[in-house]
Amino acid sequence: MYLAFVYRLTSEEVLDMFDVETVRADFPILGHTVYDRPLVYFDNAATTQKPRVVVEKIEHGYYNVNANIHRGVHFLSQAATEGHEEARRRVQRFLNARSASEIIFTRGTTEAINLVASSFTEAFMRPDDEVIVTAMEHHSNIVPWQMQIGRRGIGVKVVPVTGSGELCLEGYERLFSRRTKLVSVTHVSNVLGTVNPVREIIRMAHARNVPVLVDGAQAVPHMGVDVQELDADFYVFSGHKVYGPTGIGVLYGKEKWLDRIPPYQGGGEMIASVSFEETFFNELPFKFEAGTPDYIGSTALAEALGYIERIGMEAIAVYEGELLAYATERLLALGDVRIFGQAAQKSGVLSFLAGRIHPYDMGLLLDRLGVAVRTGHHCAQPLMKVLGVEGTVRASFSFYNTREEIDVFIAGVERARTMLE
Ligand code: PLP
């Protein structure tokens, strides 16, 4: 797929080179049946399935390269350390970060945001200073900031969302004040699929000397991300949403910020020296990695990133875009369906309500037909309030899904309507 970049292929040519059946063969779980029906996995925004190479990397790590890292002089420890640090360099290349020391391994997006919320506010925010978030954030980009309201007396302002599910940029601009110290925004909404104009959002914040954290949990699996090109100050994502293991994620931060904010947790690894009189913290990135890191998970995450790079981020974006367009068209053709999120720039997330059917009933019925979708508020209750609903049904697509699976899903929605309406 690298050819696409070398020869500037059209979308059709990129699609021609993409073979979904070959890709599906890499994911053993996709061959499973549930209730005697082929599994149709449309819950990819919650977590993605794992290709064989990722699972094998974990197995290989524990069977062959397992020793605690960084402090060992022995062979195995050095091999494990090298694996972990090579994984960090791979993430650096994947995000095009300037330096590997700007890549911090965390447990996931949630922990990465909590780290910044705690350490950045401690270093740079005084009572009444403000953070700007948006109405389409996942709870993990709301609650950590709210916790700082109680702890440090900061304020949180909220960018409104338009009827089509896009951010209101005029509203965003109006929220800035002398007290604004940080903007924290999702790159892609996990409910609406909206791809936010983060480059523009960052440009507007930087014009006022305000840094920006981007929650990339729903972006990294679907599109190429270049943190230098975006000029993001912090960028975070989770391994498990990008075909890697659970329990590992990434915080990218510009060195100038990471150097100036205090450690999040204390313990081993994050120190240079400890005495009861005085403790000195380690250099980046170790200052933020207290305790034994998930050195097997990091190598498996790197394997996952390599896997999707081999498929090609452009091919993934084009193919998933086709799936979304097909599913949207077929769903709308049923009539009496509300789709939440009609932004011009969308990733493969389809949130909807069909007629008067409760999302849970729809989810349960689809499940019996082998179709896994998510129902409820999707950890975005403030957004549900804006949308005026308690929850939605969400189908979210990956490059390993097919049009035929969408047909099964649509037939299921139709069936639910004949049974439940
Ligand atoms: N941010 C967004 C946009 C998400 O979709 C999610 C998970 O659904 C998260 C953050 C939280 O990710 P995690 O639970 O992996 O920390």
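For the structure itself, look to the data block above.
Now for a description of the structure that goes with this document. Treat the numbers as computed from the prediction; the structure is a model and nothing was measured.

Side note on the sheet that holds strand β6 (residues 155–159)
On the basis of which strands lie adjacent, the open sheet formed by 7 strands has the order β4-β10-β9-β8-β7-β5-β6 and mixed pairing. Strands at the two margins of the open sheet, each flanked by one partner only, are β4 (103–106) and β6. Ignoring strand direction, the axes of neighbouring strands in this sheet form an average angle of 20°. Here 5 bridges tie strand β5 (residues 130–134) to β6, and the two strands are oriented parallel to one another. Residue pairing for β6: Thr134 is matched across the bridge by Val159. Strand contacts of helix α6 (residues 109–124): β4, β7 (180–186), β8 (212–215), β9 (234–238) and β10 (249–253), with the helix running at about 155° to β9, the strand carrying the most contacts.

Describing helix α7 (residues 143–152)
Along α7, the positions that sit buried rather than exposed are Pro144, Trp145 and Gln148. On an axial view of α7, the arc spanned by its buried residues comes to 95°, and they lie on one face. Once α7 ends, the next one or two residues include Gly153, with phi positive near 75°.

Considering the environment of Asn401
You can see Asn401 is positioned in the loop between β17 (392–396) and α16 (403–420). Judged by relative accessible area, which is 0%, Asn401 ranks as buried. For the pair Asn401 and Glu21, spaced 380 residues apart in the sequence, the C-alpha separation amounts to 9.4 Å. Those residues in contact with Asn401 that sit more than four places away from it in its chain are Val20, Arg24, Tyr41, Phe42, Asn44, Tyr319, Leu323 and Ser396. Here the side chain of Asn401 touches Tyr41 through a polar contact of 3.1 Å, landing on its backbone oxygen. Within the structure, Asn401 has its side chain in polar contact with the side chain of Asn44 (distance 3.1 Å).

Section: the packing of helix α14 (residues 359–368) against α16
Orientation of α14 relative to α16, taken along the N-to-C sense of each, is 120°, at an axis distance of 9 Å. As the angle between them shows, α14 and α16 are arranged oblique. As for the relative orientation of α14 and α16, their crossing is right-handed in sense. Facing Asp361, Met362, Leu365 and Leu366 of α14, the residues of α16 in contact are Phe409, Gly412, Val413, Arg415, Ala416, Met419 and Leu420.

A few points about the sheet that holds strand β16 (residues 374–376)
With antiparallel pairing, the 4 strands of this open sheet are ordered in space as β13-β14-β17-β16. Of all strands in the sheet, those with a lone pairing partner are β13 (337–340) and β16, marking the two edges. Geometrically, the sheet is characterised by an average inter-axis angle of 30° between neighbouring strands, direction not taken into account. Inspection of the sheet shows strand β14 (residues 349–354) paired to β17 by 4 bridges, in the antiparallel sense. Bridge pairing links Phe352 to Val393 in β17. Across the sheet, α14 touches β14, β16 and β17, and the angle it forms with β16 is around 160°.

Each value, and the rule that gives it
- Residues numbered from 1 in each chain as written.
- Predicted model: local features only at pLDDT ≥ 70, side-chain atom pairs only at ≥ 80, totals over all residues.
- Heavy atoms only, no water.
- Pairing = 2+ DSSP bridges.
- Helix = DSSP H or I, 4+ residues; strand = E, 2+ residues; numbered from the N terminus.
- Axes fitted to C-alpha atoms, helices over the stretch in contact; angles between N-to-C directions.
- Contact = heavy atoms within 4.5 Å.
- Buried < 20%, exposed > 50% of the residue type's maximum accessible area, 1.4 Å probe, protein only.
- Arc of directions from axis to C-beta.
- Polar contact = N/O pair within 3.5 Å; in protein donor to acceptor, adjacent residues only side chain to side chain.
- Parallel < 35°, antiparallel > 145°, perpendicular 65-115°, else oblique.
- Left-handed = near helix turned anticlockwise from the far one by under 90°.

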